[in-house]
Amino acid sequence: MVHRDGRSALRGGIAGVVSATILQPLEVLKINLILLPKQILAAGSTNPFKSFFMAIPIIYKEEGVKGFYRGSFPSILSSGLSATLFFFILHRLERISHRYRINEQFGDFMSSATARALASVAVNPLNIWKTRAEILGNNEYRTTRDFFTKIYRQEGLSALFKGNLLMILRDFPFGGIFYVTYKAMNSILHQFTHNKLMYLFSGFISGAVATTVTHPMEIILAKVQVNTEKVDYLHSKKNRILTELGVVYKTEGMPGLFKGLFPRLIRKPITNALTFFLFELLDNRQKKKIHRNRSHVEDRSPSPEEHHGRHKYSQTKRQSRVMEELSQRVPPTPPEITTDIQSVV
(Lines give C-alpha, C1' and ligand atoms only; values in the text may rest on other atoms or scores of the structure.)
Protein backbone atom coordinates (compact mmCIF):
# COMPACT_ATOMS: atom_id res chain seq x y z
CA MET A 1 0.00 0.00 0.00
CA VAL A 2 2.81 2.39 0.95
CA HIS A 3 4.63 1.38 -2.24
CA ARG A 4 1.58 2.37 -4.31
CA ASP A 5 1.32 5.71 -2.48
CA GLY A 6 5.02 6.26 -3.11
CA ARG A 7 4.59 5.78 -6.84
CA SER A 8 1.63 8.19 -6.87
CA ALA A 9 3.69 10.72 -4.91
CA LEU A 10 6.57 10.38 -7.38
CA ARG A 11 4.25 10.99 -10.33
CA GLY A 12 2.85 14.04 -8.55
CA GLY A 13 6.37 15.35 -7.86
CA ILE A 14 7.37 15.02 -11.53
CA ALA A 15 4.21 16.87 -12.56
CA GLY A 16 4.96 19.61 -10.01
CA VAL A 17 8.52 20.12 -11.27
CA VAL A 18 7.41 20.35 -14.92
CA SER A 19 4.63 22.86 -14.24
CA ALA A 20 6.83 25.03 -11.97
CA THR A 21 9.60 25.16 -14.57
CA ILE A 22 7.23 26.27 -17.35
CA LEU A 23 5.39 28.88 -15.29
CA GLN A 24 8.20 30.47 -13.24
CA PRO A 25 8.05 33.84 -15.12
CA LEU A 26 4.47 34.33 -13.91
CA GLU A 27 5.56 33.73 -10.31
CA VAL A 28 8.26 36.41 -10.65
CA LEU A 29 5.71 38.85 -12.07
CA LYS A 30 3.27 38.16 -9.24
CA ILE A 31 5.84 38.74 -6.48
CA ASN A 32 7.10 41.99 -8.03
CA LEU A 33 3.55 43.28 -8.39
CA ILE A 34 2.85 42.59 -4.71
CA LEU A 35 6.18 43.77 -3.29
CA LEU A 36 8.26 46.83 -4.05
CA PRO A 37 11.58 45.85 -5.69
CA LYS A 38 14.65 46.82 -3.64
CA GLN A 39 16.16 49.44 -5.94
CA ILE A 40 12.79 51.23 -6.28
CA LEU A 41 12.28 51.17 -2.52
CA ALA A 42 15.79 52.58 -1.96
CA ALA A 43 15.24 55.39 -4.45
CA GLY A 44 11.95 56.29 -2.78
CA SER A 45 10.18 56.57 -6.11
CA THR A 46 6.67 55.42 -6.87
CA ASN A 47 6.12 51.82 -7.80
CA PRO A 48 5.95 51.42 -11.59
CA PHE A 49 4.68 47.84 -11.16
CA LYS A 50 1.07 48.94 -11.34
CA SER A 51 -0.09 46.32 -13.77
CA PHE A 52 0.90 42.97 -15.20
CA PHE A 53 1.76 44.41 -18.63
CA MET A 54 3.79 47.30 -17.18
CA ALA A 55 5.93 44.90 -15.15
CA ILE A 56 7.08 42.80 -18.13
CA PRO A 57 9.18 45.49 -19.93
CA ILE A 58 10.65 46.75 -16.63
CA ILE A 59 11.94 43.30 -15.63
CA TYR A 60 13.27 42.70 -19.14
CA LYS A 61 15.02 46.09 -19.20
CA GLU A 62 16.65 45.53 -15.79
CA GLU A 63 17.79 41.92 -16.11
CA GLY A 64 16.81 40.57 -19.51
CA VAL A 65 15.17 37.17 -19.99
CA LYS A 66 16.98 35.68 -16.97
CA GLY A 67 15.12 38.16 -14.77
CA PHE A 68 11.92 36.19 -15.37
CA TYR A 69 13.60 33.10 -13.95
CA ARG A 70 14.81 34.58 -10.68
CA GLY A 71 14.50 32.12 -7.81
CA SER A 72 13.99 29.20 -10.18
CA PHE A 73 15.95 26.65 -8.16
CA PRO A 74 14.09 27.06 -4.82
CA SER A 75 10.81 27.47 -6.71
CA ILE A 76 11.16 24.24 -8.70
CA LEU A 77 12.51 22.33 -5.69
CA SER A 78 9.67 23.60 -3.51
CA SER A 79 7.01 22.72 -6.09
CA GLY A 80 8.40 19.22 -6.65
CA LEU A 81 8.64 18.38 -2.94
CA SER A 82 5.28 19.99 -2.18
CA ALA A 83 3.49 18.03 -4.93
CA THR A 84 5.17 14.79 -3.84
CA LEU A 85 4.06 15.23 -0.23
CA PHE A 86 0.60 16.42 -1.28
CA PHE A 87 -0.27 13.36 -3.37
CA PHE A 88 1.22 10.97 -0.83
CA ILE A 89 -0.78 12.43 2.08
CA LEU A 90 -3.91 12.92 -0.05
CA HIS A 91 -4.21 9.27 -1.07
CA ARG A 92 -3.52 8.05 2.46
CA LEU A 93 -6.23 10.31 3.91
CA GLU A 94 -8.69 9.40 1.15
CA ARG A 95 -8.40 5.73 2.02
CA ILE A 96 -8.97 6.49 5.70
CA SER A 97 -12.02 8.54 4.73
CA HIS A 98 -13.43 5.66 2.62
CA ARG A 99 -12.69 3.11 5.34
CA TYR A 100 -14.77 5.01 7.89
CA ARG A 101 -17.45 5.86 5.31
CA ILE A 102 -17.20 9.61 5.75
CA ASN A 103 -19.34 11.75 3.45
CA GLU A 104 -17.50 11.79 0.13
CA GLN A 105 -17.42 15.56 -0.46
CA PHE A 106 -16.52 16.35 3.14
CA GLY A 107 -13.86 13.63 3.09
CA ASP A 108 -12.40 14.97 -0.18
CA PHE A 109 -12.37 18.53 1.17
CA MET A 110 -10.64 17.61 4.44
CA SER A 111 -8.18 15.19 2.79
CA SER A 112 -7.03 17.70 0.18
CA ALA A 113 -7.07 20.68 2.56
CA THR A 114 -4.98 18.83 5.17
CA ALA A 115 -2.57 17.46 2.57
CA ARG A 116 -2.09 20.89 0.98
CA ALA A 117 -1.53 22.63 4.33
CA LEU A 118 0.96 20.02 5.62
CA ALA A 119 2.91 19.97 2.35
CA SER A 120 3.12 23.78 2.30
CA VAL A 121 4.36 24.02 5.89
CA ALA A 122 6.99 21.34 5.20
CA VAL A 123 8.51 23.32 2.31
CA ASN A 124 8.04 26.78 3.84
CA PRO A 125 11.81 27.44 4.24
CA LEU A 126 12.20 26.96 0.48
CA ASN A 127 9.21 29.23 -0.15
CA ILE A 128 10.83 31.99 1.94
CA TRP A 129 14.02 31.68 -0.09
CA LYS A 130 12.01 31.59 -3.34
CA THR A 131 9.98 34.70 -2.47
CA ARG A 132 13.04 36.76 -1.54
CA ALA A 133 15.06 35.61 -4.54
CA GLU A 134 12.25 36.51 -6.97
CA ILE A 135 12.29 40.22 -6.06
CA LEU A 136 14.01 42.27 -8.74
CA GLY A 137 17.49 43.35 -7.62
CA ASN A 138 17.66 41.08 -4.58
CA ASN A 139 20.90 39.10 -4.98
CA GLU A 140 21.56 38.51 -1.31
CA TYR A 141 21.44 34.70 -1.47
CA ARG A 142 23.77 33.11 -4.00
CA THR A 143 23.59 29.46 -2.96
CA THR A 144 21.50 27.14 -0.79
CA ARG A 145 24.15 27.20 1.94
CA ASP A 146 24.38 30.99 1.72
CA PHE A 147 20.62 31.35 2.27
CA PHE A 148 20.38 29.05 5.29
CA THR A 149 23.56 30.45 6.88
CA LYS A 150 22.57 34.11 6.52
CA ILE A 151 18.97 33.69 7.61
CA TYR A 152 20.07 31.69 10.69
CA ARG A 153 22.68 34.27 11.72
CA GLN A 154 20.63 37.37 11.00
CA GLU A 155 17.08 36.29 11.90
CA GLY A 156 17.34 33.06 13.88
CA LEU A 157 16.11 29.54 13.19
CA SER A 158 12.44 30.51 13.62
CA ALA A 159 12.71 32.72 10.52
CA LEU A 160 12.78 29.57 8.38
CA PHE A 161 9.18 28.93 9.42
CA LYS A 162 7.97 32.50 9.17
CA GLY A 163 4.39 32.74 7.91
CA ASN A 164 3.39 29.14 8.74
CA LEU A 165 0.06 30.23 10.21
CA LEU A 166 -0.68 32.43 7.21
CA MET A 167 0.27 29.61 4.87
CA ILE A 168 -2.17 27.26 6.61
CA LEU A 169 -4.92 29.90 6.46
CA ARG A 170 -4.25 30.26 2.73
CA ASP A 171 -3.63 26.67 1.66
CA PHE A 172 -6.10 24.77 3.83
CA PRO A 173 -9.18 26.35 2.19
CA PHE A 174 -7.42 26.43 -1.19
CA GLY A 175 -6.75 22.68 -1.13
CA GLY A 176 -10.30 21.83 -0.08
CA ILE A 177 -12.06 24.14 -2.53
CA PHE A 178 -9.85 23.11 -5.43
CA TYR A 179 -10.16 19.33 -5.00
CA VAL A 180 -13.92 19.23 -4.38
CA THR A 181 -14.56 21.49 -7.39
CA TYR A 182 -12.08 19.51 -9.52
CA LYS A 183 -13.73 16.15 -8.80
CA ALA A 184 -17.23 17.57 -9.27
CA MET A 185 -16.31 19.05 -12.66
CA ASN A 186 -14.64 15.82 -13.79
CA SER A 187 -17.77 13.91 -12.83
CA ILE A 188 -19.93 16.26 -14.91
CA LEU A 189 -17.59 16.30 -17.91
CA HIS A 190 -17.28 12.50 -17.90
CA GLN A 191 -20.92 12.36 -18.99
CA PHE A 192 -20.04 14.18 -22.23
CA THR A 193 -16.45 13.25 -23.02
CA HIS A 194 -13.55 11.02 -21.99
CA ASN A 195 -10.94 13.24 -23.58
CA LYS A 196 -7.96 13.68 -21.25
CA LEU A 197 -7.97 17.45 -21.87
CA MET A 198 -10.97 17.69 -19.55
CA TYR A 199 -8.50 17.33 -16.65
CA LEU A 200 -6.84 20.55 -17.80
CA PHE A 201 -10.15 22.39 -18.05
CA SER A 202 -11.38 21.14 -14.65
CA GLY A 203 -8.05 21.98 -13.03
CA PHE A 204 -7.97 25.49 -14.46
CA ILE A 205 -11.52 26.42 -13.42
CA SER A 206 -11.11 24.87 -9.96
CA GLY A 207 -7.76 26.61 -9.51
CA ALA A 208 -9.22 29.97 -10.56
CA VAL A 209 -12.01 29.72 -7.98
CA ALA A 210 -9.71 28.66 -5.14
CA THR A 211 -7.05 31.25 -6.08
CA THR A 212 -9.48 34.18 -6.08
CA VAL A 213 -10.98 33.24 -2.71
CA THR A 214 -7.60 32.89 -0.97
CA HIS A 215 -5.64 35.72 -2.65
CA PRO A 216 -5.88 38.33 0.17
CA MET A 217 -3.94 35.94 2.42
CA GLU A 218 -1.28 35.68 -0.32
CA ILE A 219 -0.70 39.45 -0.04
CA ILE A 220 0.03 39.25 3.69
CA LEU A 221 2.07 36.08 3.37
CA ALA A 222 4.40 37.64 0.77
CA LYS A 223 4.95 40.68 3.02
CA VAL A 224 5.75 38.46 6.02
CA GLN A 225 8.19 36.22 4.16
CA VAL A 226 10.35 39.11 2.97
CA ASN A 227 10.20 40.96 6.29
CA THR A 228 13.46 40.48 8.23
CA GLU A 229 11.94 41.68 11.52
CA LYS A 230 10.79 39.15 14.11
CA VAL A 231 7.01 39.35 14.23
CA ASP A 232 4.97 36.72 16.08
CA TYR A 233 1.68 36.51 14.22
CA LEU A 234 0.41 33.71 16.42
CA HIS A 235 0.92 35.11 19.94
CA SER A 236 0.76 38.84 19.25
CA LYS A 237 -1.55 40.91 21.47
CA LYS A 238 -3.15 42.40 18.37
CA ASN A 239 -4.37 40.28 15.54
CA ARG A 240 -1.55 41.15 13.15
CA ILE A 241 -3.21 39.36 10.24
CA LEU A 242 -6.33 41.54 10.41
CA THR A 243 -4.15 44.59 11.08
CA GLU A 244 -2.10 43.99 7.94
CA LEU A 245 -5.24 43.42 5.88
CA GLY A 246 -6.66 46.63 7.31
CA VAL A 247 -3.54 48.61 6.40
CA VAL A 248 -3.65 47.32 2.82
CA TYR A 249 -7.36 48.13 2.55
CA LYS A 250 -6.88 51.67 3.99
CA THR A 251 -3.97 52.59 1.76
CA GLU A 252 -4.98 50.86 -1.47
CA GLY A 253 -8.66 50.04 -1.09
CA MET A 254 -10.26 46.77 -2.20
CA PRO A 255 -8.00 46.48 -5.30
CA GLY A 256 -5.03 46.34 -2.93
CA LEU A 257 -6.30 43.04 -1.48
CA PHE A 258 -6.23 41.54 -4.97
CA LYS A 259 -2.97 43.08 -6.20
CA GLY A 260 -1.02 40.57 -8.29
CA LEU A 261 -4.14 38.44 -8.77
CA PHE A 262 -3.92 38.49 -12.57
CA PRO A 263 -0.54 36.70 -12.91
CA ARG A 264 -1.47 34.45 -9.99
CA LEU A 265 -4.82 33.79 -11.65
CA ILE A 266 -2.90 32.65 -14.71
CA ARG A 267 -0.06 30.80 -12.96
CA LYS A 268 -1.83 29.12 -10.04
CA PRO A 269 -4.77 27.59 -11.96
CA ILE A 270 -2.45 26.54 -14.80
CA THR A 271 0.04 25.08 -12.32
CA ASN A 272 -2.64 23.03 -10.60
CA ALA A 273 -4.32 22.12 -13.89
CA LEU A 274 -1.01 21.04 -15.43
CA THR A 275 0.07 19.16 -12.30
CA PHE A 276 -3.18 17.21 -12.05
CA PHE A 277 -3.32 16.71 -15.83
CA LEU A 278 0.19 15.21 -15.91
CA PHE A 279 -0.56 13.18 -12.80
CA GLU A 280 -3.75 11.76 -14.32
CA LEU A 281 -1.90 10.89 -17.57
CA LEU A 282 0.92 9.13 -15.71
CA ASP A 283 -1.55 7.42 -13.39
CA ASN A 284 -3.78 6.21 -16.26
CA ARG A 285 -0.72 5.00 -18.14
CA GLN A 286 0.36 2.97 -15.11
CA LYS A 287 -3.14 1.52 -14.70
CA LYS A 288 -3.24 0.49 -18.38
CA LYS A 289 0.16 -1.16 -18.01
CA ILE A 290 -1.04 -3.16 -15.00
CA HIS A 291 -4.23 -4.12 -16.87
CA ARG A 292 -2.22 -5.29 -19.89
CA ASN A 293 0.04 -7.40 -17.68
CA ARG A 294 -2.97 -9.01 -16.00
CA SER A 295 -4.61 -9.70 -19.37
CA HIS A 296 -1.40 -11.26 -20.64
CA VAL A 297 -1.24 -13.55 -17.61
CA GLU A 298 -4.89 -14.51 -18.04
CA ASP A 299 -4.36 -15.26 -21.76
CA ARG A 300 -1.50 -17.58 -20.91
CA SER A 301 -3.41 -19.44 -18.19
CA PRO A 302 -4.53 -22.96 -19.28
CA SER A 303 -8.14 -23.88 -19.95
CA PRO A 304 -9.86 -26.46 -17.67
CA GLU A 305 -9.27 -29.22 -20.28
CA GLU A 306 -5.60 -28.31 -20.61
CA HIS A 307 -5.27 -28.09 -16.87
CA HIS A 308 -6.86 -31.57 -16.48
CA GLY A 309 -4.56 -33.00 -19.19
CA ARG A 310 -1.50 -31.50 -17.54
CA HIS A 311 -2.59 -32.81 -14.17
CA LYS A 312 -3.13 -36.33 -15.59
CA TYR A 313 0.25 -36.25 -17.34
CA SER A 314 2.06 -35.11 -14.21
CA GLN A 315 0.26 -37.78 -12.13
CA THR A 316 1.32 -40.53 -14.58
CA LYS A 317 4.86 -39.22 -14.66
CA ARG A 318 4.94 -39.14 -10.86
CA GLN A 319 3.70 -42.75 -10.64
CA SER A 320 6.37 -43.89 -13.13
CA ARG A 321 9.03 -42.16 -11.08
CA VAL A 322 7.82 -43.86 -7.88
CA MET A 323 7.79 -47.30 -9.52
CA GLU A 324 11.30 -46.72 -10.83
CA GLU A 325 12.54 -45.76 -7.36
CA LEU A 326 10.91 -48.85 -5.81
CA SER A 327 12.45 -51.14 -8.41
CA GLN A 328 15.87 -49.75 -7.51
CA ARG A 329 15.34 -50.38 -3.81
CA VAL A 330 14.23 -54.10 -4.14
CA PRO A 331 17.33 -56.40 -4.07
CA PRO A 332 17.80 -58.59 -7.15
CA THR A 333 16.48 -62.14 -6.86
CA PRO A 334 19.29 -64.78 -6.49
CA PRO A 335 19.84 -67.04 -9.50
CA GLU A 336 18.01 -70.37 -9.39
CA ILE A 337 20.10 -73.37 -8.39
CA THR A 338 19.46 -76.07 -10.93
CA THR A 339 20.53 -79.68 -10.60
CA ASP A 340 21.73 -81.52 -13.61
CA ILE A 341 19.96 -84.92 -13.10
CA GLN A 342 21.81 -86.47 -15.95
CA SER A 343 25.15 -85.77 -14.34
CA VAL A 344 23.99 -87.27 -11.04
CA VAL A 345 22.79 -90.39 -12.73
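Residues numbered from 1 in each chain as written. Predicted model: local features only at pLDDT ≥ 70, side-chain atom pairs only at ≥ 80, totals over all residues. Heavy atoms only, no water.

Student: Explain empty space enclosed by the protein to me, please; I cannot follow it from the model alone.
Tutor: Vacant regions in the atomic arrangement are exposed by a probe of water-molecule size rolled over the atoms. Enumeration according to the criterion identifies 1 cavity of 30 Å³ or more in this entry. Here the largest cavity defines a volume of roughly 540 Å³. For the largest cavity, the lining is made up of 32 residues, of which Ser79, Ser82, Arg116, Arg267 and Lys268 are closest to its centre. Breaking the lining of the largest cavity down by element, the ones donating at least two residues are helix 1 (2–34), helix 4 (72–99), helix 5 (104–122), helix 6 (124–133), helix 8 (164–189), helix 9 (197–226) and helix 11 (261–300). Residues that form the lining of the largest cavity fall into these classes: 9 nonpolar, 13 polar and 10 charged. (1 Å grid on protein atoms, 1.4 Å probe; cavity = no way out; pocket = protein on both sides within 12 Å on 5 of 7 lines; lining within 4 Å. Points joined across faces, edges and corners; volume = space filled by probe spheres on them. Helix = DSSP H or I, 4+ residues; strand = E, 2+ residues; numbered from the N terminus. Nonpolar A, V, L, I, M, F, W, Y, C, P; charged D, E, K, R; others polar.)

Student: Sorry, what's going on with the packing of helix 6 against helix 9 here?
Tutor: What describes two packed helices is the angle between their axes and the distance between those same axes. The interhelical angle for the contact between helix 6 and helix 9, taken along N-to-C directions, is 85 degrees, at an axis separation of 9 Å. When the interaxial angle is binned, helix 6 and helix 9 end up roughly perpendicular. On helix 9, the residues touching Asn124, Asn127, Ile128, Thr131 and Arg132 of helix 6 are Ala222, Gln225 and Val226. Looking at the contact of helix 6 with helix 9 residue by residue, the class counts come to 3 nonpolar, 4 polar and 1 charged. (Axes fitted to C-alpha atoms, helices over the stretch in contact; angles between N-to-C directions. Parallel < 35°, antiparallel > 145°, perpendicular 65-115°, else oblique. Contact = heavy atoms within 4.5 Å.)

Student: When you look at the environment of Met110 in this model, what are you seeing that I'm missing?
Tutor: Take Met110: it is sitting in helix 5. Separated by 69 residues in sequence, Met110 and Tyr179 place their C-alpha atoms 9.6 Å apart.

Student: Where do I start with the packing of aromatic side chains in this structure?
Tutor: For any pair of aromatic rings, the description consists of the separation of the ring centres together with the inter-plane angle of the planes. Tallying each qualifying case throughout the model produces 15 aromatic pairs. Centroid distance Tyr141 to Phe147: 5.2 Å. Interplanar angle 85 degrees. Geometry classified as edge-to-face. Taken together, a centroid distance of 5.0 Å and an interplanar angle of 70 degrees make the contact between Phe147 and Phe148 edge-to-face. In this structure Phe147 comes out as buried when scored by relative accessible area, which is 0%. Here the aromatic cluster, defined as three or more aromatic residues joined through ring pairs, consists of Phe86, Phe87, Phe174, Phe178, Tyr179, Tyr182, Phe276 and Phe279. Looking at Arg116, its charged tip hangs above the ring of Phe86, at a distance of 4.8 Å from the centre. Positioned above the aromatic ring of Phe174, the side-chain terminus of Lys268 is 5.1 Å from the ring centre. (Phe/Tyr/Trp six-rings, centres within 6.5 Å; stacked < 30°, edge-to-face > 60°. Buried < 20%, exposed > 50% of the residue type's maximum accessible area, 1.4 Å probe, protein only. Lys NZ or Arg CZ within 6 Å of the ring centre and 35° of its normal.)

Student: How do you make sense of the pattern of salt bridges when you look at a structure like this?
Tutor: Opposite charge on two side chains lets them pair, provided their charged atoms get close. Per the stated rule, a full pass over the model turns up 14 salt bridges. When the shortest N-O distance is used, the salt bridge between Glu218 and Arg170 registers 2.3 Å. Pair noted here: Glu218 is in helix 9 and Arg170 is in helix 8, with a separation of 48 residues, a long-range link. (Salt bridge = Lys/Arg side-chain N within 4 Å of Asp/Glu carboxyl O.)

Student: When you look at the nonpolar core in this model, what are you seeing that I'm missing?
Tutor: Nonpolar side chains in soluble globular proteins tend to be buried together. Judged by nonpolar contacts, the single largest core of 18 residues is most densely connected at Phe86, Phe178, Tyr182 and Phe276. Of all the secondary structure elements, the ones that give two or more residues to this core are helix 4, helix 5, helix 8, helix 9 and helix 11. A total of 5 residues in this core trace back to one element, the largest contributor, which is helix 8. If you look at the next biggest cluster of nonpolar residues, it comprises 16 residues, including Leu35, Leu166, Met217 and Val224. (Core = buried A, V, L, I, M, F, W, Y, C linked by side-chain atoms within 4.5 Å.)

Student: Quick question: what am I supposed to make of a nonpolar patch on the surface here?
Tutor: A cluster of nonpolar side chains, contributed by Phe201, Phe204, Ile205, Val209 and Val213, occupies part of the molecular surface with about 410 Å² of accessible area. Counting through the fold element by element, Val213 comes out in helix 9. Classification of Val213 by relative accessible area gives exposed; the value is 51%. (Patch = residues over 30% accessible without salt bridge, like charges linked within 9 Å, V, L, I, M, F, W, Y side chains within 5 Å. Areas by Shrake-Rupley, 256 points an atom, 1.4 Å probe, with all protein chains shown as cover.)

Student: How do you make sense of the side chain of Glu218 when you look at a structure like this?
Tutor: Judged by relative accessible area, which is 5%, Glu218 ranks as buried. Apart from residues lying up to four places away in sequence, Glu218 is in contact with Lys30, Ile34, Arg170 and Arg264.

Student: In this structure, what is going on with the side chain of Arg264? I would like to understand it.
Tutor: The topology assignment puts Arg264 in helix 11. With relative accessibility at 3%, the residue Arg264 sits in the buried group. Within the structure, the side chain of Arg264 is placed 3.3 Å from the side chain of His215, a separation counted as a polar contact. When neighbours within four sequence positions are excluded, Arg264 is seen to be in contact with Lys30, Arg170, Thr211, Thr214, His215, Glu218 and Pro269. (Polar contact = N/O pair within 3.5 Å; in protein donor to acceptor, adjacent residues only side chain to side chain.)

Student: How do you make sense of the layout of surface pockets when you look at a structure like this?
Tutor: Here the largest pocket is characterised by a volume of approximately 620 Å³. Along the walls of the largest pocket sit 24 residues, with Ser8, His91, Phe279, Asp283 and Lys287 positioned nearest its centre. Broken down by secondary-structure element, the contributors of at least two residues to the lining of the largest pocket are helix 1, helix 4, helix 5, helix 8 and helix 11. For the lining of the largest pocket, a count of residues per class yields 7 nonpolar, 5 polar and 12 charged.

Student: Any chance you could explain the packing of helix 4 against helix 5 here in plain terms?
Tutor: Here helix 4 crosses helix 5 at 150 degrees, and the two axes come no closer than 8 Å. In terms of orientation, helix 4 and helix 5 fall into the roughly antiparallel class. Note that helix 4 runs across helix 5; the crossing there is right-handed. Counted together, Ser82, Leu85, Phe86, Ile89, Leu90, Leu93, Glu94 and Ser97 of helix 4 and Gly107, Asp108, Ser111, Ser112, Thr114, Ala115, Arg116, Leu118, Ala119 and Ala122 of helix 5 form the full contact between these two elements. In terms of residue class, the contact of helix 4 with helix 5 is made up of 9 nonpolar, 6 polar and 3 charged. (Left-handed = near helix turned anticlockwise from the far one by under 90°.)

Function-wise, these values are silent; they only describe arrangement.
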